[in-house]
Amino acid sequence: MMLYAALIEPFVEYGFMRRALVACFALALGAGPVGTFLVLRRMSLMGDAMGHAILPGAAVAFLVAGLSLWAMSLGGFIAGLTVALLAGIVSRVTALREDASLAGFYLISLALGVLIVSMRGSSVDLLHVLFGTILSVDDGALLLVAAIASVTLVTLAVIYRPLVIECFDPAFLRATTGGGTLWHFIFLTLVVLNLVAGFQALGTLMALGLMMLPAAAARFWAGAVWSLAALSVAMAFASGLIGLLISYNFSLPSGPSIVLTAGAFYVGSILFGTRDSLRTRYFPRAHFHED
Amino acid sequence: MSPFALPPAIDVEDLTVAYDREPAVHHLTGSFAPGSLTAIVGPNGAGKSTLLKTIAGLIAPDEGAVRLNGLTRRGVAYLPQLAEIDRSFPIDVIDAVSLGLWTEIGLFAAITGGLTARAEAALAAVGLKGFENRQVGSLSAGQFQRVLFARLMLQDAGVILLDEPFAAIDERTAADLMDLVHRWHGEGRTVIAVLHDIERVRASFPNALLLAREPVAWGAAADVLTPENLHRARYISDGWSDAA
C-alpha cells in the first residue's frame, strides 16, 4: 500500500497531477523526435539559444494580456521565430556563422525579456516564466501542448526524407533538388513550437531539457533515426512521470525534478549504454574470434 | 543499366568564380563533349573542386556561365568529397544507397519491389553485397566510397561529377571504382573527375583539363599532361598565391 500511495495515488486523487502527466506525454511525443534531429544536426546549443529567445515575446504578451496562456505562447513563438529567421538571414548574407549570429540575437532577446518582466511584473512572475509551472497546467494548456505535438509529428513525417538527407549529406540534397534552406526553416519552426509548448510546463530555461537530454541519451542505445526518436520519446515521458512523482513525494519543484530525472537518464546512458558508452569502451565484452 | 542516349555537351563560357573577390576559377572557356571522360588536375587551390561545384549548380558564377544545354539538375549526379559527409550519421548502407532514388520517389513514395532490386543490384555492382544492413559508420573509407558510387548508379544521370573520388582510399577499391567509371564512360555518360594522381589520369583518362585557377591546357590527356604544362601550372599557381 505504501507503493500505491507513493506511485499511483497522486494521479488518482489529484486532477492537476493527471493533467501534468498528460502534458508530459504530449511534450515527450513532440520533443523526442525534434530533439533527435537537433542532436544529429549538431544544433544542441542552438536549441538552447532559441529557448532563451522566446522570453521577450512571452514577457510582452504577459504585460499586455496578463497571465494568458495563448497570448504568451503566441508571443513566445513570434519572438523565437524572429530570432531564428534573423540569425539565419544574417549568416547567409554576411560572413558571420549561424551559431554566432544566433547567439548575438538571443542574448539581445533574453536581456529584453528580463528587462520587460522586471519593469512591470513581480519577481514571482519572472520565476514563473523562467521555470514554468507544470502543476498548474489547465485544459487550455493541455490542448495547446497536444496540438503542437500533433503538428510536429505530422510535419516531421512530411519532411522526414529531406531532413535526413540534409543531416547526412547536405551537398547531395542541394545538388539533386536544390535548397536545403526550406527544410531547415520548417525544422527551426518546429523547434520553436516545441520550446513554446515546453515553457508552459518547464519554463524557458528548461524547456530544452525534455528535448535534448533524452535525445542525447538515446545516442548511447539506438542506431537508427526512428529508434533514436522512439527511445527519446520513451525516456522523455519516463522523465516526466518519475519527475512528477519525486516532486509530489518530496515536495520539490516539478520542473527541475523532471529535468534532473532526464539528466539521470543521460548520465546513466553515458555510463552504461550499449553503444560507445564508457562501459563498452573500458569494459568491452570479448570480441568474436575466428577459429 | 541500359545504353545511354548521349547527354548534351557542357559548355563553359569565360567562367570566373570567386570567394570573397578572390578568384578560384579565372576566365575559363571550353567544352566537355557529350560522353567524354575528363580528369581535372592541377595544384592545390587551383579551383578544381570549385569548377565541379559550379557545374553541379552548388555555386553561382561571378562572371560567365556554365551552359548545360537543356540538361536538368536531375541529369547531373555529383559526388562530394568524403570529408563533407557526416559518416557518423545513423543510417543503413541500403538506405544510404537508396538516397540515389530521391529525385524519383520524392517525399512519400515507398521503396519497394523494383526499386529495392535496383538498390541491391547497385550495391552488388560495387562489391558490397551482404552489407545492406550495416551502418555506414562501421565502414572503412574505401567501403563508404563504394556506397556513394552505388548511390551514383541509382541516380542514373547522363553527367557524373566526381570530386577526388580516389583520395584516402585503398588501391584495390580505387581500381574497382575506376572500372565502374570506365563502364559509365562506355555507356555514353559524360564523366568529369577531379584527381590528384597524374599517373592514374595518364593511364585511365582520355581527356584532361589542367587548371591553375586559369586554364593551362585542355584536351587529350597526353597533350595536356606534358612536363612543360605541369611546370607552368605550378608556376602560375605560385604566382596567384604570392599575389594573394
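Bear in mind that the values here come from a model prediction, so they are computed numbers and not experimental data. Each chain has its residues counted from 1, running along the sequence as written. Here every chain gets a letter starting at A, and every ligand a number starting at 1, in the order they are written. Predicted model: local features are reported for residues with pLDDT of at least 70 only, side-chain atom pairs are reported and counted for 80 or more only, and whole-chain, interface and lining totals are derived from all residues.

Asker: Hey, could you run me through the overall build of chain B in this one?
Answerer: Strands here are runs of E lasting at least two residues and helices are runs of H or I lasting at least four, both read from the DSSP assignment and numbered beginning at the N terminus. Along its length, chain B carries nine helices and nine strands. Here the C-alpha atoms of chain B give a radius of gyration of 18 Å, agreeing with the 18 Å that 2.2 N^0.38 yields for 244 residues. Overall, the C-alpha framework of chain B stretches about 55 × 35 × 35 Å when taken along its three principal axes. Burial is judged by counting other C-beta atoms within 10 Å of a residue's own C-beta: 20 or more means buried, 12 or fewer means exposed, and anything between counts as partly exposed, with every C-beta placed from the backbone. Counting over 244 residues, chain B shows a buried share of 44%. Remark: residues whose backbone-derived C-beta atoms lie within 7 Å of one another are considered to be in contact. Long-range contacts, defined as pairs at least 24 residues apart, comprise 72% of the intrachain contacts of chain B with a sequence gap of at least 6. Put simply, the radius of gyration uses C-alpha atoms, and a globule should come to 2.2 Å times the residue count raised to 0.38.

Asker: For this particular structure, what's the right way to read the overall build of chain A?
Answerer: Helices and strands together make up the secondary structure of chain A, namely 14 helices and zero strands. Beginning at the N terminus, the succession of helices and strands in chain A can be written as α-α-α-α-α-α-α-α-α-α-α-α-α-α. At 20 Å, chain A has a C-alpha radius of gyration in line with the 19 Å of a compact globule built from 291 residues. With respect to the principal axes defined by its C-alpha atoms, chain A has extents near 70 × 60 × 30 Å. Burial status across chain A gives 46% buried among its 291 residues. Counted over contacts in chain A with a minimum sequence separation of 6, partners at least 24 positions apart contribute 72%.

Asker: Explain the interface of chain B and chain A to me, please; I cannot follow it from the model alone.
Answerer: Where interface size is quoted, it is often the accessible area lost as the parts come together. Taken residue by residue, the interface counts 17 residues in chain B and 18 residues in chain A. Class assignment for the residues of the side of chain B that touches chain A results in 11 nonpolar, three polar and three charged. Note on residue classes: Ala, Val, Leu, Ile, Met, Phe, Trp, Tyr, Cys and Pro are nonpolar, Asp, Glu, Lys and Arg are charged, and everything else, Gly too, is polar.

Asker: Even after reading the chapter, I still don't get the packing of helix α11 (residues 209–218) of chain A against helix α13 (residues 254–272) of chain A, so can you show me in this structure?
Answerer: Geometry of a packed helix pair, given as the angle between the helix axes and the separation of the axes. Residue and element names in this part refer to chain A. Between α11 and α13, whose axes approach to 8 Å, the crossing angle comes to 15 degrees. Relative to α13, the element α11 is oriented roughly parallel. For the element pair α11 and α13, the recorded crossing hand is left-handed. Across the interface between the two elements, G209, L210, L213, P214, A216 and A217 of α11 pack against I258, V259, A262, G263, F265, Y266 and S269 of α13. Simply put, an axis is a line fit to the C-alpha atoms, just over the touching stretch for a helix, and the angle between two N-to-C directions goes from 0 to 180 degrees. Reported orientations rely on four angle classes, namely roughly parallel under 35 degrees, roughly antiparallel over 145, roughly perpendicular from 65 to 115, and oblique for the rest. Should the near helix be turned anticlockwise from the far one by less than a right angle, the crossing is termed left-handed; should it be turned clockwise, right-handed.

Asker: Mind showing me how you'd approach the environment of L211(B) here?
Answerer: All names here are of chain B. If you trace the backbone, L211 turns up in strand β8 (residues 207–212). For L211, a count of 27 C-beta atoms within 10 Å corresponds to the buried category. Along the primary structure L211 and S237 are separated by 26 residues, whereas in three dimensions their C-alpha atoms are 9.0 Å apart.

Asker: For this particular structure, what's the right way to read the domain arrangement of chain B?
Answerer: Residues and elements named next belong to chain B. Start and end points for every domain follow an automatic or database-based domain assignment. Domain parsing of chain B yields domain 1 (1–71 + 158–244) and domain 2 (87–156). Distance between the C-alpha centres of domain 1 and domain 2: 26 Å. Across the contact, 10 residues belong to domain 1 and nine residues belong to domain 2. Counting residues per element, the side of domain 1 that touches domain 2 draws most heavily on helix α6 (residues 171–186), which supplies four residues. Among the residues forming the side of domain 1 that touches domain 2, the class breakdown is seven nonpolar, one polar and two charged.

Asker: Help me understand the sheet that holds strand β6 (residues 159–163) of chain B, please; the structure alone is not making it clear to me.
Answerer: The strands making up a sheet associate through hydrogen bonds between their backbones, and the pairing can be parallel or antiparallel. Residues and elements named next belong to chain B. Strand order in the open sheet formed by six strands is β5-β6-β7-β3-β8-β9, and the pairing between neighbours is mixed. Each edge of the open sheet is held by one strand with a lone partner, namely β5 (76–79) and β9 (214–220). Adjacent strand axes in the sheet meet at a mean angle of 15 degrees when their direction is disregarded. The rule for pairing is simple: two strands pair if DSSP sees at least two bridges between them. For β5 and β6, the ladder comprises four bridges, and the chain directions are parallel. Bridge pairing in β6 places V76 opposite V159.

Asker: Would you mind showing me how to read helix α10 (residues 181–202) of chain A here?
Answerer: All names here are of chain A. Given a rise of 1.5 Å per residue, 22 residues ought to cover 32 Å, and the 30 Å separating the end C-alpha atoms of α10 matches this to within 8%. Along α10, 16 of the 22 residues are buried, which leaves the element largely enclosed by surrounding structure. Taken from the residues just after α10, G203 is the one with a positive phi, measuring 85 degrees. Each helix should span, by expectation, one fewer than its residue count multiplied by 1.5 Å.

Asker: Explain helix α1 (residues 48–55) of chain B here, please?
Answerer: Along an α-helix, a turn takes 3.6 residues, which lines up residues three or four apart on a common side. With seven of eight residues buried, α1(B) lies mostly within the body of the structure. Listed as buried for α1(B) are K48(B), T50(B), L51(B), L52(B), K53(B), T54(B) and I55(B).

Asker: Before we go on, may I ask you to explain the sheet that holds strand β1 (residues 10–19) of chain B in this structure?
Answerer: Residue and element names in this part refer to chain B. Across the sheet, which stays open at both edges, the three strands sit in the order β2-β1-β4 with antiparallel pairing between neighbours. The outermost strands of the open sheet, each flanked by one partner alone, are β2 (22–32) and β4 (63–67). Taken over all neighbouring pairs, the strand axes of this sheet differ in orientation by 25 degrees on average, direction set aside. Where β1 and β2 come together, seven bridges link them in antiparallel fashion. Across the sheet, the residue bridging to L15 is L28, located in β2.

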